[in-house]
Amino acid sequence: MRNHGALNKVESEIRNAFVVDSEITIASVADLDYLNAVIQEGIRLGPPAAIGPIPRVVPAGGAEICGQWVTAGTHVSLNQYPAYRSSTNFTRPEEFIPERFIEGLEGDILSVFEPFSVGRHKCLGRKLAWVEMRLTLARLLYSFDIRPARGYQVLDYAKQQIFIFWVKEPLIVSLRLRE
Ligand code: HEM
């Protein structure tokens, strides 16, 4: 919403891919490269599970984690937010650049990006989440021109508070049925 170039591009991709909205299905939206990249880039800048996995406790006897010895009882986790906004891992980390998930940006380490976590507790609902995100965005952007409401400034996601999950501010937009 804050990046007009990306918004126009994803709108065009969706509107050129379908003739009627009934063609927008779970299968057909999976092939929309730019839509998929927009969703990934949105998640990178505002990871829904910003501290995910939620903290675990190192068991009795301690454990080696990433080459470091960690004593029993220590709470450990991975903070996705700083990992995704760090210039160590991403080029121009504060900018919304969906293209990094298509052709790649020099210096990006995309393997850092694991919003659904990894391992045996990896998100069970990730495929459903992907379907919901693709279908919702595709249906909305196919039918409506969506712009920030007049006089309303869309905030950077980072301006919101977070306590494991985000306290989201209202997003006030105008929806106009496209011609
Ligand atoms: C963009 C949306 C979502 C994100 C970013 C996300 C992220 C995550 C993350 C990071 C974990 C690991 C938590 C941990 O181990 O501490 C997790 C676990 C889980 N998620 Fe999601 N999730 C999403 C949507 C969903 C949906 C839609 C469902 C179900 C309908 C779901 C069901 C679960 C379940 C059941 C687990 C626990 C898996 C286990 O412990 O074995 N998630 N999710």
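Residues numbered from 1 in each chain as written. Predicted model: local features only at pLDDT ≥ 70, side-chain atom pairs only at ≥ 80, totals over all residues. Heavy atoms only, no water.

1. Quick word on the nonpolar core
With 25 residues, the main nonpolar core has Val10, Ile14, Phe18, Val29 and Leu35 as its most contacted residues. The set of elements that each furnish at least two residues to this core consists of helix H1 (4-17), helix H3 (33-45), helix H4 (80-85) and helix H5 (126-143). It is H3 that contributes the most residues to this core, six residues altogether. Setting aside anything within four residues of it in sequence, one finds phenylalanine 18 in contact with Glu23, Ile24, Ser28, Val29, Leu32 and Tyr142. (Core = buried A, V, L, I, M, F, W, Y, C linked by side-chain atoms within 4.5 Å. Buried < 20%, exposed > 50% of the residue type's maximum accessible area, 1.4 Å probe, protein only. Helix = DSSP H or I, 4+ residues; strand = E, 2+ residues; numbered from the N terminus. Contact = heavy atoms within 4.5 Å.)

2. Comments concerning the layout of surface pockets
The space that makes up the largest pocket amounts to roughly 1400 Å³. Of all the elements in the fold, those that place two or more residues in the lining of the largest pocket are H1, H3, H5 and strand S7 (165-167). Within the lining of the largest pocket, the residues separate by chemical class into 24 nonpolar, five polar and seven charged. Surrounding the second largest pocket, 17 residues form its lining, Pro53, Ser77, Leu78, Ser117 and Val118 being those nearest its centre. Broken down by element, the residue count for the lining of the second largest pocket peaks at three residues, all from H4. (1 Å grid on protein atoms, 1.4 Å probe; cavity = no way out; pocket = protein on both sides within 12 Å on 5 of 7 lines; lining within 4 Å. Points joined across faces, edges and corners; volume = space filled by probe spheres on them. Nonpolar A, V, L, I, M, F, W, Y, C, P; charged D, E, K, R; others polar.)

3. Here we look at the site of the ligand
In the vicinity of the ligand lie 17 residues, with Pro53, Ile54, Arg56, His121 and Cys123 positioned nearest. For the ligand, an oxygen atom lies 2.7 Å from a polar atom in the side chain of histidine 121. The element contributing the most residues to the shell around the ligand is H5, with three residues. Residue composition of the shell around the ligand, by class: eleven nonpolar, three polar and three charged. (Near = heavy atom within 4 Å. Polar contact = N/O pair within 3.5 Å; in protein donor to acceptor, adjacent residues only side chain to side chain.)

4. A word on the pattern of salt bridges
A complete count under the given rule lists eleven salt bridges for this structure. With a closest N to O distance of 3.0 Å, arginine 15 and aspartate 145 form a salt bridge. On the criterion of sequence distance, the pair formed by arginine 15 in helix H1 and aspartate 145 in strand S5 (residues 144-148) is long-range, its members being 130 residues apart. The class of arginine 15 is buried, set by a relative accessible area of 19%. Taking the relative accessible area as the measure of exposure, aspartate 145 reaches 24% and is therefore partly exposed. Between aspartate 156 and arginine 85 there is a salt bridge whose closest N-O contact spans 3.2 Å. Of this pair, aspartate 156 sits in the loop between S5 and strand S6 (161-163) while arginine 85 sits in helix H4; the two residues are 71 residues apart in sequence, bridging distant segments of the chain. (Salt bridge = Lys/Arg side-chain N within 4 Å of Asp/Glu carboxyl O.)

5. Looking at unusual backbone geometry
Residue proline 53 follows glycine 52 across a cis peptide bond; omega there is 10°. Structurally, proline 53 is set in the loop between H3 and strand S1 (56-57). Of note, the phi angle at cysteine 66 is positive, near 50°, even though the residue is not glycine. In this structure, cysteine 66 sits in the loop between strand S2 (63-65) and strand S3 (68-70). Residue cysteine 66 is classed as exposed on the basis of its relative accessible area of 77%. If you check the backbone angles, isoleucine 164 has positive phi at about 70° while not being a glycine. By relative accessible area, which is 30% here, isoleucine 164 ends up partly exposed.

6. Description of the UniProt feature "binding site: heme" (unreviewed entry) in the protein
Within this structure's numbering, the places UniProt gives as "binding site: heme" (unreviewed entry) are Cys123. Inspection of the secondary structure assignment puts cysteine 123 in the loop between H4 and H5. (UniProt positions renumbered as here; feature names shortened; annotations may be inferred.)

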